[in-house]
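Chain residues, written in single-letter form:
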Amino acid sequence: MLEHNLEAVARHMLLFSLALEDPEKMGLQERSETFLEVWGNALLRAPVAAFVRAQAARLALLVPEPDRLARELPWLRLCALKFRERDALEAVFRFWSGGERGPEAFPVGRLWDARVRHYLGSRYDARRGVSDWDLRMKLHDRGALVIHTQEFRRWRDTGVAFELRDSSVYHVPNRTLASGRLLTHRGERVAARGYWGDIATGPFVAFGIEADDQSLLQTRNGQPVKTAGEITQHNLTEVLRELASWGRPGAAQGDPEDEQPEPEGSSKQRTSGDPAREPFALHFLPLGSAHALHHKGCYQGRFQLLYVACGMVNLLGPELGACVAPGGNLVVESARFLVDLRLEQLQAFAARVGELAEAAGFTPCATAGPAETFARFTKPRAAGSGPPPQSPSLGAPSVGCATPAPSATALSPRSDHAHSKPASHARVGADPEPQCPSLTSNGGSGDQEPPARF
């Protein structure tokens, strides 16, 4: 998995550790509610904030101790990160755990309002009308019909997307949404901590607009029976239930750079067992390493699936294409739910994605159908080569990259409001199905962050 910044890496680690928590320590409902609040709310309930502090303190102790990290979180690999990146990652967890006390360390309410004022400008006093317009004329027209006016308006005003309890109990700032940025102050570049995430689209499109249970999508008198928040909670609970029944991850040890891929069709590959039950590991790659991966033999032609979030399409090129095995797949998230883009801009974005994919050595999938939410491509196989590799996500929950070696990679953009879907392989993005979101973020640019997946 490759990110733009270390705050996003830290969020992924926290959310994955929550999703993979021992069911005997935390029940299914408590896990799903905690996940929703940490993932999608700017303000938390006191018990959830206490959980974040405790988990962040634990991760801060594990990051600088590789041996202990391998014992307690065998699915996590930080060995590819540089030492300074690990030190910075530890500092992020220290901040989350309350090294700087009090809400003023991260006044997210004031920061959220400042972002909204800057985003709307002269339209700020009519912000409710703007919210309704964006929802009905943009998100609804693009397929997100189940998002209710009240929940979308509440998120636009306060940053609280999922109100699972009385509104008065949400008052603790969600520090996991804090990130740093270099700003110009009196002619000098200074580092500033703030909230730079999504204030336009919201987290609802990640888990909350599709469902396998069609009864959740029913309408009465033209209005959806269930809200996007209720559908999100249902879908996430099903994902976590599947993870619990799948079994505890016991990943193989080691660094993929020290491993050699098995020849295609070898007996070891054929007898490796059911891929849905094999152990997995989530490998984080150094920041900015997308254009250098192909120089290492362990990554050349290694991945069977490359997922690129729409905020990281600029990294798609021949260098990343060289890391995908012949017959492998490329999935690129579209900008469909970015409300600031007009139809012609969405079409231009889709055309640009096609050009970049072609330059990287991919061809469009013939059976992909309309590419509204995701564009799918495949890498042609050489004549006379064997059968195409199977995707490691088939039959397994989308939570990481299968081991002993990564078989997919994803590019995931940001550390801000990570409204993401869970990812299913080695990644530079998020997972391909909108109804099964990934634990990562997909990022946009400017004031907008695209939906993310699990």
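Residues numbered from 1 in each chain as written. Predicted model: local features only at pLDDT ≥ 70, side-chain atom pairs only at ≥ 80, totals over all residues. Heavy atoms only, no water.

K.L.:
What's the story with the packing of aromatic side chains in this structure? I'm lost.
P.N.:
The way to describe two aromatic rings as a pair is by their centre distance and the angle between their planes. What the rule picks out here adds up to eleven aromatic pairs. One aromatic cluster in this structure is built from Phe35, Trp39, Phe162, Phe204 and Phe207. Directly above the aromatic system of tyrosine 124 lies the positively charged group of arginine 127, at a separation of 4.3 Å from the ring centroid. (Phe/Tyr/Trp six-rings, centres within 6.5 Å; stacked < 30°, edge-to-face > 60°. Lys NZ or Arg CZ within 6 Å of the ring centre and 35° of its normal.)

K.L.:
What's the story with the nonpolar core in this structure? I'm lost.
P.N.:
By size, the foremost hydrophobic cluster in this structure holds 83 residues, and its most contacted members are Met13, Leu78, Leu89, Phe93, Ile147 and Phe284. Looking at which element gives the most residues to this core, the answer is helix α1 (residues 6-19), with nine residues. Leave out the neighbours within four places in its chain, and leucine 78 touches Met13, Val63, Leu69, Arg86, Leu89 and Phe284. In this structure, Leu293, Val308, Leu320 and Phe377 belong to the second largest nonpolar core, which totals 27 residues. (Core = buried A, V, L, I, M, F, W, Y, C linked by side-chain atoms within 4.5 Å. Buried < 20%, exposed > 50% of the residue type's maximum accessible area, 1.4 Å probe, protein only. Helix = DSSP H or I, 4+ residues; strand = E, 2+ residues; numbered from the N terminus. Contact = heavy atoms within 4.5 Å.)

K.L.:
How do you make sense of the confidence of the model for the protein when you look at a structure like this?
P.N.:
Note: predicted coordinates in regions of low pLDDT should not be interpreted at a detailed level. Considering every residue of the protein, the mean pLDDT works out to 81; 75% of them sit at 70 or more. Considering only residues more than four positions removed or in separate chains, one finds that residues 389-406, a stretch of pLDDT under 50, has 66 contacts. (pLDDT = per-residue confidence, 0-100.)

K.L.:
Any chance you could explain the pattern of salt bridges here in plain terms?
P.N.:
Opposite charge on two side chains permits pairing when their charged atoms draw close. On inspection of all chains with the given rule, the structure shows 14 salt bridges. In this structure, arginine 117 engages aspartate 113 in a salt bridge whose closest nitrogen and oxygen atoms are separated by 2.8 Å. Of this pair, arginine 117 and aspartate 113 are both found in helix α6 (residues 108-120), four residues apart, which corresponds to roughly one turn of the helix. The partner of arginine 241 in a salt bridge is glutamate 238, with the nearest N and O atoms 2.5 Å apart. With arginine 241 and glutamate 238 both in helix α10 (residues 228-246) and three residues apart, the pair spans about one turn of that helix. With relative accessibility at 40%, the residue arginine 241 sits in the partly exposed group. One connected set of salt bridges, linked through shared partners, spans Arg58, Arg68 and Glu72. (Salt bridge = Lys/Arg side-chain N within 4 Å of Asp/Glu carboxyl O.)

K.L.:
Help me understand the environment of leucine 240, please; the structure alone is not making it clear to me.
P.N.:
Checked against the element boundaries, leucine 240 lands in helix α10. Looking at leucine 240, the relative accessible area reads 1%, which means it is buried. A C-alpha to C-alpha distance of 9.7 Å links leucine 240 and proline 23, two positions 217 residues apart in sequence. Residues within four places of leucine 240 in sequence aside, it is in contact with Ala19, Leu28, Arg31 and Ser32.

K.L.:
In this structure, what is going on with the pairing of strand β12 (residues 374-378)? I would like to understand it.
P.N.:
The two faces of the sheet receive side chains in turn, since in a regular strand these alternate between them. For strand β10 (residues 324-333) and β12, the ladder comprises five bridges, and the chain directions are antiparallel. Directly across from valine 332, in β12, lies its bridge partner alanine 375. Both strand β11 (residues 363-364) and β12 contribute to a ladder of two bridges, which runs antiparallel. Residue pairing for β12: threonine 363 is matched across the bridge by threonine 378. (Pairing = 2+ DSSP bridges.)

K.L.:
Any chance you could explain the pairing of strand β9 (residues 303-308) here in plain terms?
P.N.:
The buried fraction of β9 is high, at six of six residues. For β9 and β10, the ladder comprises five bridges, and the chain directions are parallel. Bridge assignment links phenylalanine 303 to a residue of β10, and that residue is valine 324.

K.L.:
Can you help me understand the packing of helix α7 (residues 127-139) against helix α8 (residues 149-158) in this one?
P.N.:
Helix-helix packing: each pair is described by the crossing angle between the helix axes and the interaxial distance. Where α7 contacts α8, the axes come no closer than 10 Å and their chain directions differ by 125°. Classified by the interaxial angle, the pair formed by α7 and α8 is oblique. The handedness of the crossing between α7 and α8 comes out as right-handed. In this structure, α7 contributes Arg127, Arg128, Val130, Ser131, Asp132, Asp134, Leu135, Arg136 and Leu139 to the contact, and α8 contributes Thr149, Phe152, Arg153, Arg156 and Asp157. Its residues assigned to classes, the contact of α7 with α8 shows four nonpolar, two polar and eight charged. (Axes fitted to C-alpha atoms, helices over the stretch in contact; angles between N-to-C directions. Parallel < 35°, antiparallel > 145°, perpendicular 65-115°, else oblique. Left-handed = near helix turned anticlockwise from the far one by under 90°. Nonpolar A, V, L, I, M, F, W, Y, C, P; charged D, E, K, R; others polar.)

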